[in-house]
Amino acid sequence: MEPIIETKQLCHAYGVGTPFERHALQSVDFYANPGEFIGLIGHTGSGKSTFIQHLDGLLRPSSGQVLFRGEDIWKDKQFTHQIRFKVGLVFQYPEYQLFEETVFADIAFGPKNMGLDEEEVRRRVLRAAGFVGLEESDLDRSPFDLSGGQKRRVAIAGVIAMEPDVLILDEPTAGLDPNAREIVLQNIRDYQRAQNATILMVSHSMEEVAANVDRLYVMNHGTVAMTGTPREIFAHAQELTEMGLDVPVVTTIFHRLQELGFDVDPSVYTVEQAVAALEALRGGA
Amino acid sequence: MLKDITLGQYFPGSTVVHRLDPRTKLLMVILFIVALFTAEGPIAYLTVFLFLGVAVGLSRIPPRTILKGLKPLVVIICLTGLLNLFYTPGTPVVKFWVLTITQEGIFSALFMIWRILMLITGTFMLTYTTSPIALTDGLELLLNPLKRIKVPVHELAMMMSIALRFIPTLIEETDKIMSAQKARGADFETGSILQRAKALIPILVPLFVSALRRADELAVAMECRCYQGGKGRTRMKRLRFAGRDYITLVLGVLLVAAMIVLRVVGI
Ligand SMILES: Nc1ncnc2c1ncn2[C@@H]1O[C@H](COP(=O)(O)OP(=O)(O)OP(=O)(O)O)[C@@H](O)[C@H]1O
Ligand SMILES: [Mg+2]
């Protein structure tokens, strides 16, 4: 299968020529297949936000390439502009970008910029609002009157309404309560399923990543330190800890159980797997 | 892009110039400007140039950084140069269409450009080597005597340090909001003037909202720490003049004196 989006030897330096020059990305190789749910983890300042801004052409690589369906997104200006609609990017704390008078108008901003007709814009806004669970009556309200969690969902809808093939989210659940978190994650999964979209989610929560993604990239100091399925990644608990990252709590418990001499597989990373493994252990004993 | 604006930005360091008392640096800028505007004749120009050159050298600020800082001002500098070039009466050198370039014009254009460059670079030396906080502290202390005539010096200084503190934050925020709206297909670069002005709404609204929110939070935070203005407040870092400050100031005064002498003698 051809990857839908891919980077080759991607490098980026900020502030070239100033005393603050900083190499935020160094030779990052990355790919995502259509329909995949990918997680991106790494501690503060490891370059995650910098990296994802390259994927929809907001930042230009210092060297290296970003390919969308095999084509360099910088090959011409028109194409770069089109990429913004094919690769939807939801920034960290996206609720701070709301600006329209009504929720409807705000969600419609992206589709309108695509040059779609009124009818189609309307259809997309309603559909996107549906994905994030906004009521029709919410659409006429001012986005500034909503709660934090609702604002977040409006902002996500604003990107979903462009119906991108690749949806990238930078810590979409940061600062939300557990209930709102689960709703947002469910919205993302719904969108993925309905659209067969590729999802790339940046997260600081290992539980969240473990429970949702097919494949994981771990960034450290501007490079990809590890990549693989959650099971493969969380088996390297020690290295993750050294990079300032956690592993899911259940994984830690299973590592400890193994140390204590129980015959368990320490690569367990969700509560469901843990339950299954413990029951197998009890059944076997 | 927006971040590339270095005008008035501080570059941390520990050189002699960095360690000077902010009051010294403020006074030096004033002395330097006086010298700059008194200077007349090639020797005077050269002296001022060398004086600034030594200061830049001591501060270890790379000349490239200074050039970059000058970039936004290129238009103003060129315009001044051109105006002087064409509108100074005197002996004509070149003549075409309605424009005449005179010998005096060439000299005065070069002189004006030199003066502006010196002026800006001189003030850069202050802002590049002094943190905004130190700068407002220095300013407050220098203006302290004005308190006698009921000028709210402390409040003004506080307002200034808050404004300075938030400039980088707001630039960063603008950058972020711009990227986010671009990600939704906003286009700030093409279209008529009107279209471009309209394209700013998605940036300005969130920016104002966030600026007001920050102002609000800051006000509450200050309130919580019982901030009540300058009365009875002591400082964590007290500014003290050191030997290097006196030496620098003496040099500054000597520079101005030299310029006056050169002007009177007329070389
Ligand atoms: N606009 C910028 N100008 C200069 N340096 C920057 C800029 N944005 C980020 N950096 C630097 O690049 C590095 C990577 O930052 P980035 O924001 O990509 O990290 P991150 O992994 O997203 O961190 P976090 O988890 O805190 O969001 C950091 O060291 C940061 O200081
Ligand atoms: Mg980030």
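From a predicted model like this one, the values you see are computed outputs, not experimental measurements.

**Some thoughts on the site of ligand 1**
All names here are of chain A.
Logical step 1: Around ligand 1 sit 15 residues in total, of which Arg22, Gly45, Lys48, Ser49 and Thr50 are the nearest.
Logical step 2: Tyr14 has a polar side-chain atom sitting 3.4 Å from a nitrogen atom of ligand 1.
Logical step 3: Thr50 places a side-chain nitrogen or oxygen 2.5 Å from an oxygen atom of ligand 1.
Logical step 4: Elements supplying a minimum of two residues to the shell around ligand 1: strand S2 (22-32) and helix H1 (48-55).
Logical step 5: In terms of residue count, the dominant contributor to the shell around ligand 1 is H1 (three residues).
Logical step 6: Of the residues assigned to the shell around ligand 1, the class counts are two nonpolar, nine polar and four charged.

**Remarks on the nonpolar core**
Logical step 1: With 51 residues, the main nonpolar core has Ile107(A), Ile160(A), Leu167(A), Ile188(A), Val218(A), Phe234(A) and Leu240(A) as its most contacted residues.
Logical step 2: Looking at this core element by element, the count peaks at six residues for helix H5 (residues 148-160) of chain A.
Logical step 3: In contact with Leu240(A), other than residues within four places in its own chain, are Val218(A), Met226(A), Ile233(A), Phe234(A), Leu245(A), Asp246(A) and Val247(A).
Logical step 4: Formed by 30 residues, the second largest nonpolar core is a distinct cluster that contains Leu36(B), Ala44(B), Val48(B) and Leu249(B).

**A look at the interface of chain A and chain B**
Logical step 1: Every contact between the two is made by 25 residues of chain A and, on the other side, 22 residues of chain B.
Logical step 2: For the pairing of chain A and chain B, the buried interface totals around 2,000 Å² over both sides, and the portion due to carbon and sulfur atoms is 65%.
Logical step 3: The largest per-residue losses of area from chain A upon contact with chain B belong to Tyr96(A), Gln97(A) and Phe99(A), which jointly make up 25% of the total buried on that side.
Logical step 4: At the junction of chain A and chain B, the tally comes to one salt bridge.
Logical step 5: Note that Arg184(B) and Asp106(A) form a salt bridge whose closest N and O atoms lie 3.0 Å from each other.
Logical step 6: On inspection of chain A and its partner chain B, the count reaches three residue pairs in polar contact (both at pLDDT 80 or more).
Logical step 7: At four residues, helix H3 (residues 103-113) of chain A tops the list of elements feeding residues into the side of chain A that touches chain B.

**A short note on the sheet that holds strand S6 (residues 87-90) of chain A**
Residues and elements named next belong to chain A.
Logical step 1: The strand order across the open sheet built from six strands is S6-S7-S8-S3-S9-S10, with neighbouring strands paired in mixed fashion. Either end of the sheet is taken by a strand with one partner, and the two such strands are S6 and strand S10 (223-228). Here the average twist between neighbouring strands, direction ignored, is 15°.
Logical step 2: Pairing of strand S3 (residues 37-41) with strand S9 (residues 215-220) involves four bridges; the strand directions are parallel. Considered in S9, the bridge of Leu40 is made with Tyr217.
Logical step 3: Docked against the sheet, H1 engages S3, S6, strand S7 (166-170), strand S8 (198-202) and S9, running at close to 155° with respect to S8.

**Remarks on the sheet that holds S2(A)**
Residue and element names in this part refer to chain A.
Logical step 1: Reading across the sheet, the four strands line up as S2-S1-S4-S5 and stay open at both edges, with antiparallel pairing between neighbours. Edge positions in the sheet fall to S2 and strand S5 (71-72), since each has one partner strand and no second.
Logical step 2: Two strands pair when backbone bridges link them, and strand S4 (residues 63-68) and S5 are joined in this way by two bridges, in the antiparallel orientation. Note on S5: the bridge partner recorded for Leu67 is Asp72.

**Details of the domain arrangement of chain B**
Logical step 1: By domain assignment, chain B separates into domain 1 (1-130 + 240-267) and domain 2 (152-233).
Logical step 2: Centre-to-centre separation of domain 1 of chain B and domain 2 of chain B, based on C-alpha positions: 32 Å.

**Examining the packing of helix H8 (residues 153-183) of chain B against helix H10 (residues 201-224) of chain B**
Residue and element names in this part refer to chain B.
Logical step 1: Orientation of H8 relative to H10, taken along the N-to-C sense of each, is 145°, at an axis distance of 10 Å. Regarding H8 and H10, the two cross each other, and that crossing is right-handed. For the pair H8 and H10, contact is made by Met158, Ile162, Phe166, Thr169, Leu170, Glu173, Thr174, Ile177, Met178 and Gln181 and by Pro202, Ile203, Pro206, Leu207, Ser210, Ala211, Arg213, Arg214, Leu218 and Met222, respectively.
Logical step 2: Looking at the contact of H8 with H10 residue by residue, the classes come out as 13 nonpolar, four polar and three charged.

**A few points about the side chain of Asp245(B)**
Residue and element names in this part refer to chain B.
Logical step 1: Within the secondary structure, Asp245 sits in helix H11 (residues 243-265).
Logical step 2: Of the buried charged residues, Asp245 lacks a salt bridge, with Arg244 as the closest side chain of opposite charge at 4.9 Å.
Logical step 3: Within the structure, Asp245 has its side chain in polar contact with the side chain of Thr24 (distance 2.7 Å).
Logical step 4: Once residues within four sequence positions are removed from consideration, Asp245 is found in contact with Leu20, Asp21, Thr24 and Arg240.

**Some words on the packing of helix H2 (residues 22-38) of chain B against helix H6 (residues 103-129) of chain B**
Residue and element names in this part refer to chain B.
Logical step 1: Close contact between H2 and H6 brings their axes to 10 Å; oriented N to C, the two are set at 175°. As judged from the angle between their axes, H2 and H6 are roughly antiparallel. Contacts from Lys25, Leu26, Val29, Phe32, Ile33, Leu36 and Phe37 in H2 reach Trp114, Arg115, Met118, Leu119, Gly122, Thr123, Leu126 and Thr129 in H6.
Logical step 2: Counted by class, the contact of H2 with H6 contains ten nonpolar, three polar and two charged residues.

**Some words on a nonpolar patch on the surface**
All names here are of chain B.
Logical step 1: A contiguous nonpolar surface patch, about 760 Å² in accessible area, is contributed by Val93, Val94, Phe96, Trp97, Val98, Ile106 and Leu110.
Logical step 2: Of all the secondary-structure elements, those providing two or more residues to the nonpolar patch are strand S1 (92-96) and H6.
Logical step 3: Checked against the element boundaries, Val94 lands in strand S1.

Calculation criteria
- Residues numbered from 1 in each chain as written.
- Chains lettered and ligands numbered in written order.
- Predicted model: local features only at pLDDT ≥ 70, side-chain atom pairs only at ≥ 80, totals over all residues.
- Heavy atoms only, no water.
- Near = heavy atom within 4 Å.
- Polar contact = N/O pair within 3.5 Å; in protein donor to acceptor, adjacent residues only side chain to side chain.
- Helix = DSSP H or I, 4+ residues; strand = E, 2+ residues; numbered from the N terminus.
- Nonpolar A, V, L, I, M, F, W, Y, C, P; charged D, E, K, R; others polar.
- Core = buried A, V, L, I, M, F, W, Y, C linked by side-chain atoms within 4.5 Å.
- Buried < 20%, exposed > 50% of the residue type's maximum accessible area, 1.4 Å probe, protein only.
- Contact = heavy atoms within 4.5 Å.
- Buried area = accessible area lost by both parts, 1.4 Å probe.
- Salt bridge = Lys/Arg side-chain N within 4 Å of Asp/Glu carboxyl O.
- Pairing = 2+ DSSP bridges.
- Axes fitted to C-alpha atoms, helices over the stretch in contact; angles between N-to-C directions.
- Domains from an automatic or database assignment.
- Left-handed = near helix turned anticlockwise from the far one by under 90°.
- Lys, Arg positive; Asp, Glu negative; His and termini not counted.
- Parallel < 35°, antiparallel > 145°, perpendicular 65-115°, else oblique.
- Patch = residues over 30% accessible without salt bridge, like charges linked within 9 Å, V, L, I, M, F, W, Y side chains within 5 Å.
- Areas by Shrake-Rupley, 256 points an atom, 1.4 Å probe, with all protein chains shown as cover.

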